[in-house]
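Structure assessment
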Amino acid sequence: MADGGDSYFMFFLILLNSFGAAASLALFALAIWVAVDGYGLYPISGVSGKDDIFAGAWIAIFTGFAFFCTTVFGILAVVKKSRLLVLLYLILMFIIFIFECASCITAVTHRDYLVGNSNLVKKQMLKYYGDNSPAGQQITVTWNRVMHEVKCCGADNPQDWIQYNSTFRMMYGTAYPWPQQCCKRLSNFEVADADGCKAGLNSALFNKGCFKHIESVFSRYTWSVSWYGFSVLMFMFWLMILTMVYYLKI
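In this text the structure is predicted, and so the values were computed from the model without any measurement.

Rules and cut-offs
- Residues numbered from 1 in each chain as written.
- Predicted model: local features only at pLDDT ≥ 70, side-chain atom pairs only at ≥ 80, totals over all residues.
- Heavy atoms only, no water.
- Helix = DSSP H or I, 4+ residues; strand = E, 2+ residues; numbered from the N terminus.
- Expected span 1.5 Å × (residues − 1).
- Buried < 20%, exposed > 50% of the residue type's maximum accessible area, 1.4 Å probe, protein only.
- Contact = heavy atoms within 4.5 Å.
- Axes fitted to C-alpha atoms, helices over the stretch in contact; angles between N-to-C directions.
- Parallel < 35°, antiparallel > 145°, perpendicular 65-115°, else oblique.
- Left-handed = near helix turned anticlockwise from the far one by under 90°.
- Nonpolar A, V, L, I, M, F, W, Y, C, P; charged D, E, K, R; others polar.

1. Things to note about helix α6 (residues 134-150)
- Relative to the 24 Å expected for 17 residues at 1.5 Å per residue, α6 spans 24 Å between its end C-alpha atoms, a close match to the ideal helical length.
- Residues G136, I139, T140, T142, W143, V146, M147 and V150 constitute the buried set of α6.
- On its buried face, α6 is in contact with α2 (42-48), α5 (119-128), α7 (160-163) and α10 (211-249).
- Once α6 finishes, K151 follows within two positions and takes phi at roughly 60 degrees, a positive value.

Dropping the structure here:
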């Protein structure tokens, strides 16, 4: 290659690969954040069998780290001006690119199925809350924590427990229209007004539903894995195109 503009092109590729390495580490970190599930909502997706958002996160952990390693290798290949190393770099980038496409598509498509509306989450809550099966225990613990922390009740509102048949209603009848976690509590975590909560008084009962919180969390997970992943893919696409040009000039 000529030393003039081609040397600048080489330095430009080195700069792009350095930026790509940083973006890949960010993808790796975001995917770990999703897989760890700091909000503790995995049981809601796991019990329904629609945990593909987390599957996409695990793929993104691999692709993020793989992109990082490959971009570092790409810097070496460009500096060495080796056609063989650059070709190997392009092949590796293409393979990782395909896996990252699968991660992004998997996460974004299943997000709409899981929390496109409240129906799936509500149906799951009514079926498993209070049930003694392993799935029921997971869902019960998860919903108890969400209702307590977010100060909400039911999927859309407390009326979910009354308007629809549920495992909770079959087990407890009409003695309590909704779980006690729907009741407002004192600083010592005791129910503030048990009778008022049973009667549905606004001063004693959480009136908002929990679905908006659940939808918000799964949307954050999806945007982290898919939309940031798509942005990384677009960057890597043009990086590969420019590297192909460099390969032809060597």
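2. So, the packing of α5 against α6
- Two elements in contact, α5 and α6, have axes separated by 9 Å at closest approach and are oriented at 115 degrees. Between α5 and α6, the angle falls in the class roughly perpendicular. In this structure, α5 crosses over α6, and the sense of that crossing is left-handed. On the side of α5, the interface is formed by V121, Q124, M125 and Y128, while α6 contributes A135, G136, I139, T140 and W143.
- Of the residues in the contact of α5 with α6, the class split is six nonpolar, three polar and no charged.

3. Comments concerning unusual backbone geometry
- Its identity is not glycine, yet D37 carries a phi of approximately 60 degrees, on the positive side.
- Positionally, D37 belongs in the loop between α1 (4-36) and α2.
- Backbone geometry at F189 places phi at a positive 75 degrees, although glycine is not the residue there.
- Tracing the backbone through its elements, the reader meets F189 in the loop between α8 (167-172) and α9 (194-199).

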